[in-house]
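Below are the chains, spelled out letter by letter.
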Amino acid sequence: MAPLLETKNLKKYFKTRSGMLHAVDGIDLAINKGETLGVVGESGCGKSTLGRVILHLLESTEGTILYDGQDVTHVSPRQLAQLREHMQIIFQDPFSSLNPRMTVSEILVEPLVISGKFTKDQIEKKRKELLDTVGLPKRYANSYPHELDGGRRQRIGIGRALALEPDFIVCDEPVSALDVSIQAQILNLLQDLQEERGLTFMFITHDLSVVKHISHDIMVMYLGQMVEQAASDELFAHTWHPYTKALLSAIPVPNAHRRMQRILLKGEITSPVNPAPGCRFYSRCPYACDACKQPQKIEEIAPGHFISCCMAKKINNLE
Amino acid sequence: MMGDNMMNGTQNAPETLVDIKNLWVEYRIDGGVVHAVNGVDLKIHKGETLGLVGETGAGKTSIAKSILRVLPDPPSKIVDGEIYMDGEDMLKLPEHKMRKIRGKKISMIFQDPMTALNPTVKVGTQIAEAIKLHEKMNKAEAQVRAMEMLEMVGITKERFSDYPHQFSGGMKQRVVIAMALACHPELLLADEPTTALDVTVQAQILDMMTSLKNEMQTSVLMITHDLGIVAETCDTVAVVYAGEIVEYGTMMEIFDDPGHPYTVGLFGSLPSIDRKDKRLKPIHGLMPDPMNLPAGCKFSPRCPYATDECRKAVPPVTEMDGTHIVKCFRAREKK
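Reading the values: the criteria
- Residues numbered from 1 in each chain as written.
- Chains lettered and ligands numbered in written order.
- Predicted model: local features only at pLDDT ≥ 70, side-chain atom pairs only at ≥ 80, totals over all residues.
- Heavy atoms only, no water.
- Helix = DSSP H or I, 4+ residues; strand = E, 2+ residues; numbered from the N terminus.
- Rg over C-alpha atoms; globule rule 2.2 N^0.38 Å.
- Buried < 20%, exposed > 50% of the residue type's maximum accessible area, 1.4 Å probe, protein only.
- Contact = heavy atoms within 4.5 Å.
- Lys, Arg positive; Asp, Glu negative; His and termini not counted.
- Charge placed at Lys NZ, Arg CZ, Asp CG, Glu CD.
- Domains from an automatic or database assignment.
- Buried area = accessible area lost by both parts, 1.4 Å probe.
- Salt bridge = Lys/Arg side-chain N within 4 Å of Asp/Glu carboxyl O.
- Polar contact = N/O pair within 3.5 Å; in protein donor to acceptor, adjacent residues only side chain to side chain.
- Pairing = 2+ DSSP bridges.
- Axes fitted to C-alpha atoms, helices over the stretch in contact; angles between N-to-C directions.
- Phe/Tyr/Trp six-rings, centres within 6.5 Å; stacked < 30°, edge-to-face > 60°.
- Lys NZ or Arg CZ within 6 Å of the ring centre and 35° of its normal.
- Parallel < 35°, antiparallel > 145°, perpendicular 65-115°, else oblique.
- Left-handed = near helix turned anticlockwise from the far one by under 90°.
- Nonpolar A, V, L, I, M, F, W, Y, C, P; charged D, E, K, R; others polar.

## A short note on the overall build of chain A
A count of helical and extended segments in chain A gives 10 helices and 12 strands. Taken against the 2.2 N^0.38 rule, which gives 20 Å for 319 residues, the C-alpha radius of gyration of chain A at 21 Å falls within 12% of a compact globule. In terms of principal-axis extent, the alpha carbons of chain A reach across some 65 × 50 × 45 Å. Across the 319 residues that make up chain A, the buried fraction comes to 55%. Across chain A, every contact between residues at least 6 apart in sequence was considered, and the portion connecting residues at least 24 apart equals 65%. Each charge class in chain A was averaged separately, 36 positive and 37 negative side chains, and the resulting centres sit 5 Å apart.

Laid out in structure tokens, this is it:
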């Protein structure tokens, strides 16, 4: 199966006063149609920037973005408008991503109005449909976002992203701002929509249990780079990279009898400004050695399981 | 290894440090009264970590702030209740006595470390300030103690003269914890202390808090919405819903045998790292509007087990095994 979305050596650098900030630094990924790629990492690892570069909300510095086999790295404004009908985004914060001066139904159909391809009747029909799709009672059609709670607001965000019936949606931490009981409702909604419509998701989150639940494949990022990537089950069954291991062990598990042997990392994520050429996890890694100061190669350690760590085989006794 | 979950339980009753009785808190705002805390009874025992679990707006923070009496009045008001510590009802103490308790016997740390620190004052000076306020120490002595505290939370004393913006989020939270523990409080109120931090940093902070708590014999009220944090750090757990404690027990009792449908629902809502569930089982509906709470059991509109009785009468507290209590008519039926 050909992937719906692919990136090759995708980079996004920002110019700062102290130098170049390597937010996204050479990401290769491929997402198959109808599947979900979970992108995990801590704040500042570049996962949101990656999503935004793919959607052209930010222009890439280098690399290629392929959508359905076509190169869409550089597009004219007109092509971009067309591309938007295929690719959409759901934002993290349902409080700041909705215009407070528009009603729920205005927000939901705004993409249709902007596209200019729909008649009034079609828009009217879609308005009702969208409320239904995301499970919002009709009485909220004329409410304003501030009148709704976080979960319902996130439903509007999802409805808006679905308005143009896209194939690909970047979900940028869509449940992080929500309480657990509401989070579960929204995750179920996203899964149902994927099944019904064959949607393809890139699901960005810092929550490993959420990402495991919803993803087919998972990519772990650290300071703009991929450190490990594999099918979801494979990644949790065989975790090779020391950062992924530490990340997994750091999650508090809601189980009274299970204790994970915790790998405590030193310090915090270092600066992405002018990073050294070697492994970016070097300063926090319990296994760091001189070889780690060299640029790391991406290796396929098992079928479909990619890792960027020269020590991986040694650490995991594979040699 | 974190959380040693040492609950004395049945052998010898643990000593009570703080006893909250029938606490009611309201917020009076335009358009009505928000019922934030509705008749809470809760004991915090010496040396234990008590987890206060619930979702946004459940009243967890209002309970903690009532203990310290730092709720802004107006709009909020403690309308009824008693909070005993060392035989005295703190709600009746004059303000000048309460000031001697805050930061000395009881201190609090908040979710966002940035707003808890003064951006224009050196971090060491901020810690020393708290010490000077409560201990008979001169400036130099307080400074030495502040440096000791910094070292204790894993920050070198050379950073005494740095300003908050020079620290990362996790380091700032360490400074806040150093400040809170500087006067060796008997009770630490920790309001979502790691929610704003990344998981690897959260693990560092929780580890440090647990070992400091054991070292200093401090009791902790851990406010959180994360059941994982509860499992790892708490000895006892109180589940809060719509301003009431719907379930209370030791951590083991709550996790092994949750009795209240809300607690069961919370567990069902969590995606698991261990299992592979096809679908989550979320709690139906939304939290009730605290200005317009439902009659009877406040969870009844969302509860899959609700009967007519639940919708009419407030359920009594049912005592299960040990210290475990559940506020539900159908507590004894298997969920």
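Moving on from the model shown.
## Brief notes about the domain arrangement of chain B
All names here are of chain B. Entries for chain B in the domain assignment read domain 1 (16–105 + 185–327) and domain 2 (113–184). Each of domain 1 and domain 2 has a C-alpha centre, and these two points are 29 Å apart. Every contact between the two is made by 18 residues of domain 1 and, on the other side, 13 residues of domain 2. Both sides together, the interface formed by domain 1 and domain 2 hides about 1,400 Å², and carbon and sulfur atoms give 71% of it. By the criterion of area lost to domain 2, the three top residues of domain 1 are Lys104, Met208 and Met216, representing 33% of everything that side buries. Our count for the contact surface shared by domain 1 and domain 2 stands at one salt bridge. For Lys104, the salt bridge goes to Glu135, with nearest N and O atoms at 3.1 Å. Viewed at the interface, domain 2 and domain 1 are joined by four residue pairs in polar contact (both at pLDDT 80 or more).

## With respect to the interface of chain B and chain A
Taken together, the 48 residues of chain B in the interface contact 44 residues of chain A. At the boundary of chain B with chain A, total buried surface from both sides reaches about 3,900 Å², with 53% on carbon and sulfur atoms. Of all residues in chain B, Thr200, Ile273 and Leu286 of chain B bury the most surface against chain A, accounting for 17% of the area lost on that side. For the interface between chain B and chain A, the tally reads two salt bridges. Between Glu232 of chain B and Arg262 of chain A there is a salt bridge; the shortest N-O distance is 2.8 Å. Elements represented by at least two residues in the side of chain B that touches chain A include exactly helix H6 (169–181), helix H7 (199–216), helix H8 (227–233), helix H9 (251–256) and helix H10 (261–269) of chain B. Considering each element in turn, the side of chain B that touches chain A owes the most residues, seven residues, to H7 of chain B.

## Topic: the sheet that holds strand S6 (residues 106–109) of chain B
Residues and elements named next belong to chain B. On the basis of which strands lie adjacent, the open sheet formed by eight strands has the order S6-S7-S8-S3-S9-S10-S12-S11 and mixed pairing. Two strands close off the open sheet at either side, each with one partner strand: S6 and strand S11 (317–319). Within this sheet the neighbouring strands show an average axis-to-axis angle of 20°, counted without direction. Across four bridges, the pairing between strand S3 (residues 49–53) and strand S9 (residues 236–241) is parallel. Along S9, the bridge assignment pairs Gly51 with Val237. Sheet strands in contact with helix H1 (residues 60–68) are S3, S6, strand S7 (187–191), strand S8 (219–224) and S9, and its direction is about 150° off that of S8. Across the sheet, H10 is in contact with S9 and strand S10 (244–250); its angle to S9 comes to roughly 100°.

## Description of the packing of aromatic side chains
Per the stated rule, a full pass over the model turns up seven aromatic pairs over all chains. Note on Tyr243 of chain A and Phe281 of chain A: the rings are 5.1 Å apart at their centroids and 65° apart in plane angle, and the pair reads as edge-to-face. With Tyr243 of chain A in helix H9 (residues 242–250) and Phe281 of chain A in the loop between H9 and strand S11 (299–302), this pair connects stretches of sequence that are 38 residues apart. Where Tyr241 of chain B meets Phe299 of chain B, the ring centres are 5.1 Å apart and the plane angle is 85°; that geometry is what we call edge-to-face. Here Tyr241 of chain B is found in strand S9, whereas its partner Phe299 of chain B is found in the loop between H10 and helix H11 (308–312), with 58 residues between them in sequence. Three or more aromatic residues joined by ring pairs make a cluster, and in this case those are Tyr222, Tyr243 and Phe281 of chain A. The residue whose ring lies beneath Lys12 of chain A is Phe14 of chain A, and the NZ or CZ to ring-centre distance is 5.1 Å. Over the aromatic face of Phe236 of chain A sits the side chain of Lys212 of chain A, whose NZ or CZ is 5.2 Å from the ring centroid.

## A word on unusual backbone geometry
In this model, Asp73 of chain B is joined to Pro74 of chain B through a cis peptide bond whose omega is -10°. For Pro74 of chain B, the location among the structural elements is in the loop between H1 and strand S4 (76–85). The omega angle of the peptide bond from Pro74 of chain B to Pro75 of chain B is 10°, so this bond is cis rather than trans. Summarising the element assignment, Pro75 of chain B is placed in the loop between H1 and S4. Positive phi is not limited to glycine here, since Asp68 of chain A has a value of about 55°. Looking at the element boundaries, Asp68 of chain A is found in the loop between strand S4 (62–67) and strand S5 (70–71). Residue Asp68 of chain A is classed as exposed on the basis of its relative accessible area of 54%. A positive phi angle is found at His184 of chain B, which is not glycine, with a value near 50°. Inspection of the secondary structure assignment puts His184 of chain B in the loop between H6 and S7.

## Points about the packing of helix H4 (residues 123–134) of chain B against helix H5 (residues 139–152) of chain B
Residue and element names in this part refer to chain B. Interaxial distance between H4 and H5 falls to 8 Å at its minimum, and their mutual angle equals 120°. On the basis of their axis angle, the class for H4 and H5 is oblique. Crossing hand, H4 versus H5: right-handed. Contacts between H4 and H5 involve Gly124, Ile127, Ala128, Ile131 and Lys132 from the first element and Lys139, Ala142, Gln143, Arg145, Ala146, Met149 and Leu150 from the second. When its residues are assigned to classes, the contact of H4 with H5 shows seven nonpolar, two polar and three charged.

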